[in-house]
Amino acid sequence: MSNKGEKLYEGKAKVIYGTEDPGIVHAYFKDDATAFNALKKGTIAHKGTVNATVSTRLFRLLAAEGIRTHFIDQPAPNELRLERLEMIPLEVVVRNIAAGSLCKRYGIPAGQVLEEPLVEFFYKADDLQDPMLNDDHVTQVLKIVTRPELQQIKDLTLKINQALHVFFVRCNLRLVDFKLEYGWDANKALVLGDEISPDNCRLWDVTDNRVLDKDRFRMDMGDVESSYQEVMKRVLEA
Ligand code: TMP
Ligand code: ASP
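What counts, and where the lines are drawn
- Residues numbered from 1 in each chain as written.
- Chains lettered and ligands numbered in written order.
- Predicted model: local features only at pLDDT ≥ 70, side-chain atom pairs only at ≥ 80, totals over all residues.
- Heavy atoms only, no water.
- Phe/Tyr/Trp six-rings, centres within 6.5 Å; stacked < 30°, edge-to-face > 60°.
- Helix = DSSP H or I, 4+ residues; strand = E, 2+ residues; numbered from the N terminus.
- Buried < 20%, exposed > 50% of the residue type's maximum accessible area, 1.4 Å probe, protein only.
- Core = buried A, V, L, I, M, F, W, Y, C linked by side-chain atoms within 4.5 Å.
- Contact = heavy atoms within 4.5 Å.
- Near = heavy atom within 4 Å.
- Polar contact = N/O pair within 3.5 Å; in protein donor to acceptor, adjacent residues only side chain to side chain.
- Areas by Shrake-Rupley, 256 points an atom, 1.4 Å probe, with all protein chains shown as cover.
- Nonpolar A, V, L, I, M, F, W, Y, C, P; charged D, E, K, R; others polar.
- Pairing = 2+ DSSP bridges.
- Axes fitted to C-alpha atoms, helices over the stretch in contact; angles between N-to-C directions.
- Expected span 1.5 Å × (residues − 1).
- Disulfide = S-S within 2.5 Å.

**Quick notes on the packing of aromatic side chains**
Part 1: Under the counting rule described, the total for this entry stands at two aromatic pairs.
Part 2: Ring centres 6.1 Å apart and planes at 25° place the aromatic pair F59 and F71 in the stacked group. Of this pair, F59 sits in helix α1 (residues 47–64) while F71 is found in strand β6 (residues 71–76), placing the two residues 12 residues apart along the sequence. Accessibility assignment for this pair places F59 and F71 in one class, buried.

**Focus on the nonpolar core**
Side chains of a nonpolar character, in soluble globular proteins, are inclined to be buried together.
Part 1: In terms of nonpolar packing, the biggest core is built from 55 residues, with I160, L164, F168 and Y182 touching the most fellow members.
Part 2: When residues in this core are grouped by element, the largest group, eight residues, is from helix α4 (residues 147–170).
Part 3: Residues within four places of F168 in sequence aside, it is in contact with L58, L173, L175, L203 and V235.
Part 4: In this structure, I97, A99, V176 and V211 belong to the second largest nonpolar core, which totals five residues.

**Notes on the site of ligand 1**
Part 1: Near ligand 1 you find 14 residues, and of these R95, S101, D177, K179 and R202 are the closest.
Part 2: Between ligand 1 and S101, the relevant distance is 2.6 Å, taken from an oxygen atom to a side-chain nitrogen or oxygen of the residue.
Part 3: Separating an oxygen atom of ligand 1 from a side-chain N or O atom of R202 is a distance of 2.9 Å.
Part 4: Burial of ligand 1 by the protein amounts to 75% of the accessible area it has alone, namely 450 Å².
Part 5: For the shell around ligand 1, the elements supplying multiple residues, two or more each, are β9 (90–97), α2 (100–106), β12 (173–180) and β15 (201–205).
Part 6: Residue composition of the shell around ligand 1, grouped by class: four nonpolar, three polar and seven charged.

**Observations regarding the environment of K4**
Part 1: Mapped onto the fold, K4 is located in the segment before β1 (7–10).
Part 2: K4 gets classed as exposed once you look at its relative accessible area, which sits at 54%.
Part 3: In sequence terms K4 and K124 are 120 residues apart; their C-alpha atoms lie 27 Å from each other.
Part 4: With sequence-adjacent residues up to four places away left out, K4 is seen in contact with Y17 and G18.

**Considerations on the sheet that holds β6**
Part 1: Reading across from one edge, β1-β2-β3-β7-β6 is the order of the five strands in this open sheet, with antiparallel pairing throughout. This sheet does not close on itself; its edge strands, each paired only once, are β1 and β6. For this sheet, the mean inter-axis angle between neighbouring strands, taken without regard to orientation, is 25°.
Part 2: The pairing of strand β3 (residues 24–29) with strand β7 (residues 79–83) spans five bridges and is classified as antiparallel. Across the sheet, the residue bridging to H26 is R81, located in β7.

**Some remarks on α1**
Part 1: Look at α1: 26 Å from first C-alpha to last across 18 residues, which is about the 26 Å you get at 1.5 Å a residue.
Part 2: Burial analysis of α1 places 13 of its 18 residues in the buried class, which makes it a mostly covered element.
Part 3: Following α1 by one or two positions, G66 adopts a phi angle in the positive range, close to 85°.

**Considerations on the site of ligand 2**
Part 1: Around ligand 2, the structure places K12, T34, A35, F36, N37, A38, K214 and R218.
Part 2: The backbone of F36 places a nitrogen or oxygen atom 3.5 Å from an oxygen atom of ligand 2.
Part 3: Taking N37, its main chain carries an N or O atom lying 2.4 Å from an oxygen atom of ligand 2.
Part 4: Split into classes, the residues belonging to the shell around ligand 2 amount to three nonpolar, two polar and three charged.

**Regarding the state of the cysteines**
Part 1: Applying the stated criterion to the full structure yields zero disulfides.
Part 2: Take C171: it sits in no disulfide, and the sulfur closest to it among the cysteines is that of C201, at 11 Å.
Part 3: Given a relative accessible area of 4%, C171 falls into the buried group.

Okay, here's the thing in structure tokens:
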């Protein structure tokens, strides 16, 4: 990888390195895959390149819609140059169609279209298994952000959902659900961080509902690599 500075953070799917500019970091996207809070581990060949490339396309799309993201550029296939943010320890999940933990928690069938997009918050804390939070947990108990800031996060998340939904229709993909993470820039402005990729989105083929995301790895469905490649191909062609 280019320009490798001090390692600032290593997560399950990415390593973040500093650069000579304190406001800029490099994210190196790994091929390592984990699920169920790293109980399941594996590798998905070329996943780093797919996730960096898909994220690049989607961050550019969001920038064109006037949405601030941390993306600067993609200096190598599996590497992004990013604005350094003070990350907010929330996983913000948006759901358009019931799947995954929503179905498990409430006993509703997978595939049920939700009347309106549903926004959920999870506390980003591996040792606690990322528990779900309501607004009061976020603002009063953990004091992660204030109420107006939480509203701002929700509004921005729904705007991103709308933009991504429209784009994925062009890819013949249903955006079932996805997870976002935000941070504050040096001026305390809210900025979208992390990645947007088949690792953190559920994407089903519109025509036959074929699963084309990380659920293929989570649930041992096979064809994991080819599904990631298929998503990248469609995203780059749309
Ligand atoms: P869930 O149904 O397991 O709660 O997942 C909802 C969405 O969030 C799905 O698109 C996968 C994504 N996600 C992550 O990106 N990271 C995680 O740790 C989890 C649990 C889900
Ligand atoms: N990335 C998470 C983990 O490793 C969960 C997931 O994506 O399913 O546990």
